[in-house]
Amino acid sequence: MEKRVNIAVVPGPGFSHLVPILQFSKRLLQLHPNFHVTCLIPSFGSPSSASKSVLETLPPNIKSIFLEPVKPEDLPQGVAIETQIQFTVTLSLPSIHQALKSITSKTPFVALVADSFAFEALDFAEEFNLLSYIYFPSAATTLSWYLYVLKLDKETSCEYRDLPEPVKIPGCVPIHGRDLNNQAQDRSSQVYKLFLQRAQRFCFVDGIFINSFFEMEKGPIRALKEEGRGYPEVFPVGPIVQTGDDAKGLECLTWLDKQEDGSVLYVSFGSGGTLTQEQVNELAYGLELSNHKFLWVVREPSSLAFDAYLRAQRSVDPLHFLPDGFLERTKEQGMVVPSWAPQIQVLAHSSIGGFLTHCGWNSVLESVMNGVPLITWPLFAEQRMNAVVLSEGLKVGVRPRLSENGLVERVEIVKVIKCLMEGEEGGKIHKRMEELKEAANNALKEDGSSTKTLSELVQKWESLV
C-alpha cells in the first residue's frame, strides 16, 4: 500500500488563477493516486459561478476550502488589476494561516504550493514544517524575466521601453522593453514595486513548477537550470490544460461540423480580455473583408483590456456593439457567439484552421495541444512577451502591427488572416505548429520529459512522509 501524501495548494484570486493550479493538482493525482490535495481558495467578493462549477467536478482526493471572501470595499480603489489580486491575497493571510493550522493539526502535510500571486502564503511554510513551491502557470520565458528583472532593475535607470536595444533575458528570444509585462512598464508605480517584491520572494522557495515543456522552451529552461545562477529548482511539468466538459449539441459546434476542414478562424480574447468599441469595429470589418470563415466570441467593449477579469458579466447583449448590418452581411461567412464558447472542443474541431488569441498562456497551450496556429493579439499582463515567443521565437504565429493610434486596423487584420489561412508562409506556420503539437503530447507520455520531472519530485515528497 503506497503511503498517503498530503499537500496544500493556494490559488490566486480569480477564475484564471484557480483553474491552472487545480489542473496541476489533477495531473499530479492522475499520475500518483496516493496523493491528497487541499485547496485553500482566497476570493474577492463571493466566488464566481464558473469557479464553483469547476470545483464541483473535482475528484474526491481534492478537497477545497473557501476562505472568507475579501470585501470589495476593503481593497484599494482605482488600482491596477495585479494590485487588486495581490491585496486580496494579503487580506486573506489570516484565514490562510488559520486553515493551515487546522488541517496540519489533524494530518501531516509535506508541501505547500502557491500560485505566483499567492506567494505570501508561503511565509507560513516553515511554521508548519512544509516545503514551499510556486506553481507558475505561465511560460518559462516569463519566469526567466521575473528572476532577471532583479539584476536589470539595479543596472538600468530609464524605463525599459526606452532602452535602445531589446532586453536579453538569459536563454530567451530578445524582447523589446515595450513588450515586457504590464507591471514593468512604469518603474515608479506601486505595481512595479509589488512585481519586484514578488520576484524577490521567488528566489527563496524550494522549487517552481512551470506550465511549459522542454521542447517548447529549451533556451529559457536550460538557462533557469544552470548552476551558479542561484535560482531555485525549476520543474517544467506542462503542458497542463483543461480537458473539455461535455458540450455536445451547442450551436457553435453544430455550425463547425458543417464547415470544411481547417477553414475556420476562431477568435477569442480569453476569460477576461475586452476590446474598445473602436477596436471591435475594426475587427468586425477585418473579419468580414478577409472573406474567411470565422467563429468569434464577442464581449461587451470596454476601455480596460482586462475588464471582464474580476467583474461578473452584466446582462447586456454584446452583439449590440457590432457594426450595423454586420451580422446580416456575414451570416453565411461566420458565427458570432456572445461572451463564451467551449474553447477546448472548438480548438479540437477539425474545421478550425487558426486561432486569433490574446496570448493568455492557457489558451496558447490549448492551441499547441491541438496543433492550431495563431494570430497573436496580446492585451495585458505578460501576453506581449508570449506573443514574441510565439511569433518570433517558435514562429507558430503571426502578430498584427498596431497603427499610430494604438489600433489594429482592418487592413492589417485582413493581411494577417490571409497570411495564416492562405499562402506559403501560412503553410510553414501550420507545419511548425504540428511539430510542436507532437512534442507537447510526447512530453506528457509515461516516459515524457514533463511526466518524469513530476515523478522525480514526487519520490522526494513520498520519502518525507
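By the naming in an unreviewed UniProt entry, the protein is Glycosyltransferase, taken from Vigna mungo. According to UniProt, the comment filed for the protein under the heading Sequence similarities (unreviewed entry) is "Belongs to the UDP-glycosyltransferase family."

Student: So what's going on with the sheet that holds strand E9 (residues 293-298)? Residues and values would help.
Tutor: Sheet architecture is open: 6 strands sit in the order E10-E9-E8-E11-E12-E13, paired in parallel fashion. What marks the edges here is a single partner per strand, and that holds for strand E10 (334-338) and strand E13 (397-398). Two strands pair when backbone bridges link them, and strand E8 (residues 264-268) and E9 are joined in this way by 4 bridges, in the parallel orientation. The partner of Val-264 across the bridge, within E9, is Lys-293.

Student: Break down the pattern of salt bridges for me, with residues and values.
Tutor: In the structure shown here, the tally under the stated rule is 13 salt bridges. A salt bridge links Arg-229 to Glu-226; its shortest N-O distance comes to 2.9 Å. According to the relative accessible area criterion, Glu-226 is partly exposed, its value standing at 41%. A salt bridge links Lys-415 to Glu-412; the shortest N-O distance between them is 3.7 Å. With Lys-415 and Glu-412 both in helix H13 (residues 410-421) and 3 residues apart, the pair spans about one turn of that helix.

Student: So what's going on with the pairing of strand E6 (residues 207-210)? Residues and values would help.
Tutor: What you see with E6 is no split at all: Gly-207 and Phe-209 on one side and Ile-208 and Ile-210 on the other are buried throughout. Here strand E5 (residues 131-136) runs beside E6; their pairing, made up of 4 bridges, is parallel. Bridging across to E6, Phe-136 finds its partner in Ile-210. Between the parallel pair E6 and strand E7 (residues 234-236), the chain is carried across by helix H6 (residues 218-225), and the sense of this crossover is right-handed.

Cut-offs used in this document
- Residues numbered from 1 in each chain as written.
- Predicted model: local features only at pLDDT ≥ 70, side-chain atom pairs only at ≥ 80, totals over all residues.
- Heavy atoms only, no water.
- UniProt positions renumbered as here; feature names shortened; annotations may be inferred.
- Pairing = 2+ DSSP bridges.
- Helix = DSSP H or I, 4+ residues; strand = E, 2+ residues; numbered from the N terminus.
- Salt bridge = Lys/Arg side-chain N within 4 Å of Asp/Glu carboxyl O.
- Buried < 20%, exposed > 50% of the residue type's maximum accessible area, 1.4 Å probe, protein only.
- Right-handed = clockwise from strand over helix to strand, strands pointing away.

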